[in-house]
Amino acid sequence: MSVAFALTLAAISTVQPHCSWDRPGVNPYTGSAAAALERYSDIPAEIRAELKRRIEQGQADDKVSIKRDSIGGKYAYEPAIRDMHFGRASVCRSVTRAKWSAERDEPGVVYCAKEHCILVPKICGNFSRVSRSKAPATAMAPPPATAARALDDGAKGEGSWVWSTPSRRRS
């Protein structure tokens, strides 16, 4: 990343140490996958490039169910959501879902390259980081059929659920 690009990002960005994700979808991320991934400067450049390519091509590793206390799909994930991009250029380092009801369930997709995983909730397209759990995937409940169907509905043809640009995002 060039120094000028990094300075521009810093000038237009707001970084908050801790946020409550109380109302998913209210302030969706409007930037590009490339811009979000460039901000994860601790991820090696070749891994960021791989994640960017896979996101642009819609090659997710997993369809997940995001709940108040868990994130589950065919793989198990730690419940923590980190470095969430939202709005025009804001980032929240640590995200809580503590105010969600136990029944709240938001579908999303996860893209992983090596140990680096990016979570993209369908409702808002906010890019964030999650970690695969050491626990076996069977310990996590699979996403509900309705969430999986909602993701599958956009997986083919026109209107596919790919997050490379805001104009390609489905509401």
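What you see is a predicted model; the values in this text were computed from it and never measured. (Residues numbered from 1 in each chain as written. Predicted model: local features only at pLDDT ≥ 70, side-chain atom pairs only at ≥ 80, totals over all residues. Heavy atoms only, no water.)

Section: the overall build of the chain
Item 1. For the chain, the helix and strand inventory stands at four helices and eight strands.
Item 2. Counting from the amino terminus, the chain carries its helices and strands in the arrangement α-β-α-α-β-β-β-β-β-β-β-α.
Item 3. Per-residue burial over the chain gives 42% buried out of 171 residues.
Item 4. Within the chain, contacts between residues at least 6 apart in sequence are counted, and of these 70% link residues at least 24 apart.
Item 5. Here the chain displays about 8,700 Å² of accessible surface, and carbon together with sulfur accounts for 53% of that area. (Helix = DSSP H or I, 4+ residues; strand = E, 2+ residues; numbered from the N terminus. Buried < 20%, exposed > 50% of the residue type's maximum accessible area, 1.4 Å probe, protein only. Contact = heavy atoms within 4.5 Å. Areas by Shrake-Rupley, 256 points an atom, 1.4 Å probe, with all protein chains shown as cover.)

Let's talk about the environment of Y75
Item 1. As for its placement among the helices and strands, Y75 is situated in the loop between β3 (71–72) and β4 (81–86).
Item 2. Judged by its relative accessible area of 31%, Y75 falls in the partly exposed class.
Item 3. On a C-alpha basis, the gap between Y75 and K63 in space is 9.2 Å, while along the polypeptide they are twelve residues apart.

A closer look at the pairing of strand β7 (residues 116–121)
Item 1. Within β7, six of the six residues are buried, which leaves it mostly tucked inside the rest of the structure.
Item 2. Of the two faces of β7, the one lined by H116, I118 and V120 and the one lined by C117, L119 and P121 are each fully buried.
Item 3. Summarising the sheet, strand β6 (residues 106–113) and β7 pair through six bridges and their orientation is antiparallel. Following the sheet pairing, V110 is matched in β7 by L119.
Item 4. Hairpin connection from β6 to β7: two residues lie between these consecutive antiparallel strands, with K114 at a positive phi of about 55 degrees.
Item 5. Pairing geometry for β7 and strand β8 (residues 128–130), over three bridges, is antiparallel. Considered in β8, the bridge of I118 is made with R129.
Item 6. Here β7 folds back onto β8, and the loop between the two strands holds six residues, one of which, G125, carries a positive phi near 70 degrees. (Pairing = 2+ DSSP bridges.)

Observations concerning the environment of V120
Item 1. With respect to the element layout, V120 can be found in strand β7.
Item 2. Given the relative accessible area of 0%, V120 is considered buried.

Quick look at the pattern of salt bridges
Item 1. Counted by the stated rule, this structure contains nine salt bridges.
Item 2. When the shortest N-O distance is used, the salt bridge between D61 and R54 registers 3.0 Å.
Item 3. R54 sits in the buried class, given a relative accessible area of 10%.
Item 4. A salt bridge links E106 to R104; the nearest nitrogen and oxygen atoms lie 2.6 Å apart.
Item 5. Owing to a relative accessible area of 9%, E106 belongs among the buried residues under this scheme.
Item 6. Linked by salt bridges that have partners in common, D42, D83, R93 and R129 make up one network. (Salt bridge = Lys/Arg side-chain N within 4 Å of Asp/Glu carboxyl O.)

Section: the state of the cysteines
Item 1. Under the counting rule described, the total for this entry stands at two disulfides.
Item 2. Here C19 is linked by a disulfide to C92, with a sulfur-sulfur distance of 2.1 Å. Here the disulfide of C19 and C92 is right-handed, its torsion about the S-S bond being about 120 degrees. Taken together, the residues span a long stretch of sequence, with C19 in strand β1 (residues 14–20) and C92 in strand β5 (residues 90–96) at a distance of 73 residues. With respect to burial, C19 and C92 carry one shared label: buried.
Item 3. Between the sulfur atoms of C112 and its disulfide partner C117 the distance amounts to 2.1 Å. (Disulfide = S-S within 2.5 Å.)

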